[in-house]
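Observations on chain architecture
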Amino acid sequence: MRRLIAISNRVQVDHEGESANRGGLAVALAAALRESNGLWFGWSGEQTDEFTGQITFRRAAGVATATIDLEAQDIEEYYNGFANRTLWPLFHYRLDLTEIARDFAGGYARVNNRFADTVAPLIEPDDMIWVHDYHLMPLGCQLRERGFENRIGFFLHTPWPPPSLLVSLPDHRELVKSLLSYDVIGFHSHEWRQAFIDYVAAHLDAPMEGDTVIFGGRASRLLICPIGLDTTEFCAAAGSPAAREAEARLIDSAVGKDVIVGVDRLDYSKGLQERFAAYELLLTTRPDLREKVFMLQIAPPSRGDVPSYQQIRADLNTLSGSINGEFAGIDWVPIRYVNKGYGRDQLFGIYRAARVGLVTPLRDGMNLVAKEYVAAQDPADPGVLVLSRFAGAAAQLDAAVIVNPHSIEDMVDGIARALTMPLAERQERHQAMLACVEKEDVRWWSNRFMQALAEPESVPEEPLVAVGTAED
Ligand code: ADQ
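This text gives an overview of the structure that appears in the document. None of these values were measured; they are calculated from a predicted model.

Calculation criteria
- Residues numbered from 1 in each chain as written.
- Predicted model: local features only at pLDDT ≥ 70, side-chain atom pairs only at ≥ 80, totals over all residues.
- Heavy atoms only, no water.
- Salt bridge = Lys/Arg side-chain N within 4 Å of Asp/Glu carboxyl O.
- Helix = DSSP H or I, 4+ residues; strand = E, 2+ residues; numbered from the N terminus.
- Buried < 20%, exposed > 50% of the residue type's maximum accessible area, 1.4 Å probe, protein only.
- Axes fitted to C-alpha atoms, helices over the stretch in contact; angles between N-to-C directions.
- Left-handed = near helix turned anticlockwise from the far one by under 90°.
- Contact = heavy atoms within 4.5 Å.
- Nonpolar A, V, L, I, M, F, W, Y, C, P; charged D, E, K, R; others polar.
- Phe/Tyr/Trp six-rings, centres within 6.5 Å; stacked < 30°, edge-to-face > 60°.
- Lys NZ or Arg CZ within 6 Å of the ring centre and 35° of its normal.
- Pairing = 2+ DSSP bridges.

Bringing the pattern of salt bridges into the picture now. Throughout the structure, instances matching the rule amount to 29 salt bridges. One salt bridge connects E99 with R85, and the closest N-O pair in it is separated by 2.8 Å. Here E99 is found in the loop between α2 (72-91) and α3 (102-119), whereas its partner R85 is found in helix α2, with 14 residues between them in sequence. D264 serves as the salt-bridge partner of R275, at 2.7 Å between the closest nitrogen and oxygen. Taken together, the residues span a long stretch of sequence, with R275 in helix α10 (residues 272-285) and D264 in the loop between β11 (258-263) and α10 at a distance of 11 residues. According to the relative accessible area criterion, D264 is buried, its value standing at 6%. Salt bridges sharing common partners tie together E71, D74, E77, R110 and R114.

Here you go:
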């Protein structure tokens, strides 16, 4: 088996005592790397006065890691700037929040070059290289410029925006051309891949052969490869004391009321303001449900240095306060809004105690919380997943109650339907979704991508499990 070098912006593995607030990529990659005995390269998250290219090697939770520190200007221009103030909003269809600045673009190119320079000496001729996410799109091209002919793949964890949005980026053509240095480019869903194909057709003189783009003498396979959950590990939490305690505490504190749960990074793409507004409308229009339900929204802050994230935090504080002010009674608080991270075992128990899982992003590459909620349910008495049609997960979990998060009324209908759904229908829907979450797990995802990278011909185009037997 060839060694895998995974490269992502941040390297985050569990160290003892560390906060459990990790993104979906961290959860997924750690599982994939342990199996392949690979190396995970990226930024430590630390700042240094002067970038020297010094690498820190560690081994944590069975994963070998190699990390570098970045200068303050790098962090500001590359990470807070181009990655999180330009690309992230643009790729989530938020042109209104997209900031275009030459400093940001310059920092992005500089840091990608720094990544290429420092990882280069670690690469052996037979290694497969797997680059992750929007922070590092030009890295493959920069490695090619340094003479590397290894198989190099790229996986995009976010949506790919339609061409009409992407052209707002001054150097959009250069960005897409640099991506065509990769042998495989992976997307979560048909929709994101199709948007990429649409761009190539409209803006590059590059022919397609099936699902492969031919450009600059290289063939780039465009692969649909939806990320899955570390389902076995996650479900092993079922018997853990932390999961049981979290479940029991939530059920006890609910005193017979139905729990509606949301778990999201505090991010405008997750549709939290719209979700709170929908819950408020539910309580307004359905007085019979008051004091019979409560909502638990867990949302640990992220990217706090970026102004739009400070704004959403302030907005949600106001909204949750006003909902509680309007509806709370002496022994009932309609919304519990918690800004901290929980361990995965605790999350399992929290999901299991909830009658409804509310996952309503305005746009999301995949959304692993939807899959975690399904995995944590008791098959004999499962809760109901209410899922945004704009999450990549909706393509696989179409047996959820699918809602349009831009329509507050549609969300209200979805939540009300979930709260009153008969047991047999809940079971049927859950069974269909669980089959997908179990079969197309994180191992399936990484195997599929790595197989496409190693032997392109061996991976069929559309092997995905068909789920969604329930009508919606
Ligand atoms: P995210 O948007 O960060 O990443 P998402 O899929 O929403 O990822 O998953 C978030 C992860 O963080 C989940 O595993 C969740 O359990 C965990 N988490 C969230 N809140 C938590 C809390 N309070 N405590 C502990 N854990 C918490 C990006 C894309 C997604 C894509 C993933 C993976 O935006 O669309 O699904 O990458 O590709």
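Moving on, there is more to tell.
What follows concerns the packing of helix α13 (residues 368-376) against helix α15 (residues 423-439). Remark: α13 packs on α15, axes separated minimally by 9 Å, with the N-to-C direction vectors making an angle of 115°. Two packed elements cross with a definite hand, and for α13 against α15 that hand is left-handed. When α13 is examined against α15, the residues K371, V374 and A375 are found in contact with a partner set consisting of H430, M433, L434 and V437. Partitioned by chemical class, the residues of the contact of α13 with α15 number 5 nonpolar, 1 polar and 1 charged.

Let's shift gears to the packing of aromatic side chains. Across all of its chains, the model carries 19 aromatic pairs by this definition. Aromatic pair F41 and F115: ring centres 5.8 Å apart, planes at 80°, arrangement edge-to-face. Taken together, the residues span a long stretch of sequence, with F41 in strand β2 (residues 39-47) and F115 in helix α3 at a distance of 74 residues. F115 matches F41 in its accessibility class, with the two residues each being buried. Ring centres 4.3 Å apart and planes at 5° place the aromatic pair W130 and F449 in the stacked group. Linking W130 in strand β5 (residues 128-132) with F449 in helix α16 (residues 442-454), this pair joins segments that are 319 residues apart in sequence. Among the aromatic residues, those joined into a ring-pair cluster are F41, Y78, F82, Y108 and F115. The ring of F294 has R336 lying over it, and the distance from NZ or CZ to the ring centre is 4.0 Å. Over the ring of Y93 we find R363, and its NZ or CZ is 3.8 Å from the ring centre.

Spatially, the 6 strands line up as an open sheet ordered β13-β12-β11-β14-β15-β16, and their pairing is parallel. Sheet topology places β13 (335-338) and β16 (401-403) at the edges, where each strand pairs with a single neighbour. Strand-to-strand twist across the sheet, computed as the mean angle between neighbouring axes with direction ignored, equals 20°. Two strands pair when backbone bridges link them, and strand β14 (residues 356-359) and strand β15 (residues 384-388) are joined in this way by 4 bridges, in the parallel orientation. Bridge pairing links V359 to L387 in β15. Contacting β11 and β12 (293-298), helix α12 (residues 344-353) crosses the sheet at an angle of about 135° to β11.

Quick look at unusual backbone geometry now. The phi dihedral of V255 falls on the positive side, at around 30°, and the residue is not glycine. Position of V255 among the secondary structure elements: in the loop between α9 (241-254) and β11. Although it is not a glycine, E291 adopts a positive phi angle of roughly 65°. Within the secondary structure layout, E291 lies in the loop between α10 and β12. The exposure class of E291 is partly exposed, given its relative accessible area of 42%.

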